[in-house]
Every structure is written in structure tokens, then in C-alpha cells.
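# Analysis of the macromolecular model
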Amino acid sequence: MKRIALLLVCAAACKSAPSPAPAATAVPKEDFRSARNAVVAATDRSAADKALDPGRKPAEMLEFLDVRPGMKVEDVGAGGGYTTELLARSVGPSGAVYMQNDPRWMSFLKDAVAERFTHPAMKSVIRAEVPYDDPVPPEAKDLDLVVINVIYHDVANMPVDRARMNKAIFDTLRPGGVYVVIDSSAKDGTGLSETKTLHRIDESVVKDEVPKAGFRLDGEGNFLRNPSDPRDWNASPGAATKEGKRGTSDRFALRFVKPDSSK
């Protein structure tokens, strides 16, 4: 009798036990690469954006950012939104993109931003006109990625507490989230001395400041490097365009990660 009872209990337990979850299928890297190439090649991207592509290397940038559908991302110091639109196209309708610009810059950015938002790809992008000291809107939480593209040196020229800015970005990222800083490089050892005159920054400054917020340097990209750049000319868009050099400055790309405390 006891044996029958035990068999009945075992049968009930086996019947109610959930089936093991199927193993997750990894998406091949090649699929993501193809998707990024398709984003860049989209026929509805503006002629103005496509004209900047040779110097900005958007496919390589998106690969370095490892941006994927469904991600929540923020473009800090987005300016006219070249990078923002690429991010919006990459994360798709299931993702979220925040486009941050400091209110102090909007007087000369307003027309470019207004034009950018006439593009269908921007329809779900959230504008965040907040200062660099507090660059993340309150509703943006557990972000996967924050990028600041050729703007860190400009922030250094403003009365901004960069330590506070970097900590705010750290706090808004999920564990394992990524913060990418891209900028035109100044000569080694120049620190912040050429942020105004040449619109360049010594990358060692960024490598020193960002980890103080809690980040760990996770990778460096060489896709925008130009060893032949003497790094002695003004890399700002206006000055570089006038000299026929836009898109040729030596630029570093640094990927920082918010450590996952569970690991």
C-alpha cells in the first residue's frame, strides 16, 4: 500500500514539474553586422548625413557600440542628431533613444534639431534638453548604452562638473551597461590645454576622469584613428570644413562598462 502511495506522489510531481526552458539561441555576429550595414545604407537617410559618413564611419561605430534592437540608449551632446538617428534606426521600435542637448546650446541648434525631427526614423526619439551636470532625464532608467560623440572636449570648456556628469551617467546605466566616449585627440601630455583652441582633448584625461565614477575601461576602438594627423589643427566642424579636413582628425573611442556586482 505504501509503495502504491509513493508511486502516485511521484507521478503527480513528475506531471506538475515544468519542462526545462529551451536553450537560448545566440544570434550570430554576422547577423548584427548585416543589420548595422543596412541601417547605414538606408535609402531614406539624408544626403547631408551620407556626406558625413566617410569621416564618421557609422557602421564601424555601431559595431563598437554593439547597439542592438530593443536597447535603451542616450546620445549625450547630440547636437543636430547625426548619431541619434543612427541609434534610433538600430534599436528599432522596441527600443528607446534619448537625445540630450544642453539648453545653453539650443539657440544655435534649434533649426538643425527641428529639421532632424522631420525624419520618420526620429518619430519615437525622446528629446531631453537638460544640462550636462544632470544629463539624464528622470524617466531614463536602466539604460543599456550612453554615448558622447566628439563632445567631451566641449563640456570641458563649460562650467560643468564633469565628475557629476559621469556619475549621473553611471547611475542611469544598468549593471553591465556601457558608456562610450569618442573625441578628437590632442597630443599626449597636453591635458585640457587644447580643448578651446584646437577642439581636441588628451585621451588620458578621459581615461582618468571616467573610471572615478565607478566605470571600468572595457575596450578601445581604432576605427577613427589617423596616425598621419599631426594633431596641431582645429578639429571643430566649422574650422575643419573650411580647411577641407573634416572627418580626418585622429579620434579615440573608449568603451567603459558599469561593473555587474552580481558577477
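What comes next concerns the included structure. Nothing here was measured: the structure is a model prediction, and the numbers come from that model.

## Quick word on the overall build of the protein chain
- Helix and strand counts for the protein chain stand at 10 helices and seven strands.
- Looking at the protein chain residue by residue over its 263 residues, the buried ones come to 48%.
- Residue pairs at least 24 apart in sequence account for 75% of intrachain contacts in the protein chain once pairs closer than 6 positions are excluded.
- Total accessible area computed for the protein chain in this model is approximately 13,500 Å², and 58% of it derives from carbon and sulfur atoms.

## Focus: the packing of aromatic side chains
- Per the stated rule, a full pass over the model turns up seven aromatic pairs.
- Centroid distance Tyr179 to Phe215: 5.2 Å. Interplanar angle 45°. Geometry classified as tilted. Pair noted here: Tyr179 is in strand E5 (residues 173–184) and Phe215 is in the loop between helix H9 (203–209) and strand E6 (216–221), with a separation of 36 residues, a long-range link. An identical accessibility class is assigned to Tyr179 and Phe215; each is buried.
- Centre to centre, the rings of Tyr179 and Phe256 are 6.4 Å apart; their planes meet at 45°, and the pair counts as tilted. Here Tyr179 is found in strand E5, whereas its partner Phe256 is found in strand E7 (residues 251–257), with 77 residues between them in sequence.
- Residue class for Tyr179 comes out buried when judged on its relative accessible area of 0%.
- Note on Phe256: relative accessible area 0%, which makes it buried.
- Put simply, the rings of Phe170, Tyr179, Phe215 and Phe256 touch in pairs and so form one group of aromatic residues.
- Here Lys258 stacks its cationic end above the ring of Phe170, 4.8 Å away from the centre of that ring.

## Some points on helix H4 (residues 58–65)
- Burial analysis of H4 places six of its eight residues in the buried class, the great majority of the element.
- Taken together, the buried positions of H4 are occupied by Pro58, Ala59, Met61, Leu62, Phe64 and Leu65.
- Phi turns positive one or two residues past the end of H4, at Asp66, with a value near 55°.

## With respect to the pairing of strand E1 (residues 72–76)
- Counting buried residues along E1, four of its five residues qualify, which places the element largely inside the surrounding structure.
- Pairing of E1 with strand E2 (residues 96–100), which is carried by five bridges, proceeds in the parallel orientation. Bridge assignment links Lys72 to a residue of E2, and that residue is Ala96.
- The handedness of the E1 to E2 crossover, carried by helix H5 (residues 82–91), is right-handed.

What counts, and at which threshold
Residues numbered from 1 in each chain as written. Predicted model: local features only at pLDDT ≥ 70, side-chain atom pairs only at ≥ 80, totals over all residues. Heavy atoms only, no water. Helix = DSSP H or I, 4+ residues; strand = E, 2+ residues; numbered from the N terminus. Buried < 20%, exposed > 50% of the residue type's maximum accessible area, 1.4 Å probe, protein only. Contact = heavy atoms within 4.5 Å. Areas by Shrake-Rupley, 256 points an atom, 1.4 Å probe, with all protein chains shown as cover. Phe/Tyr/Trp six-rings, centres within 6.5 Å; stacked < 30°, edge-to-face > 60°. Lys NZ or Arg CZ within 6 Å of the ring centre and 35° of its normal. Pairing = 2+ DSSP bridges. Right-handed = clockwise from strand over helix to strand, strands pointing away.

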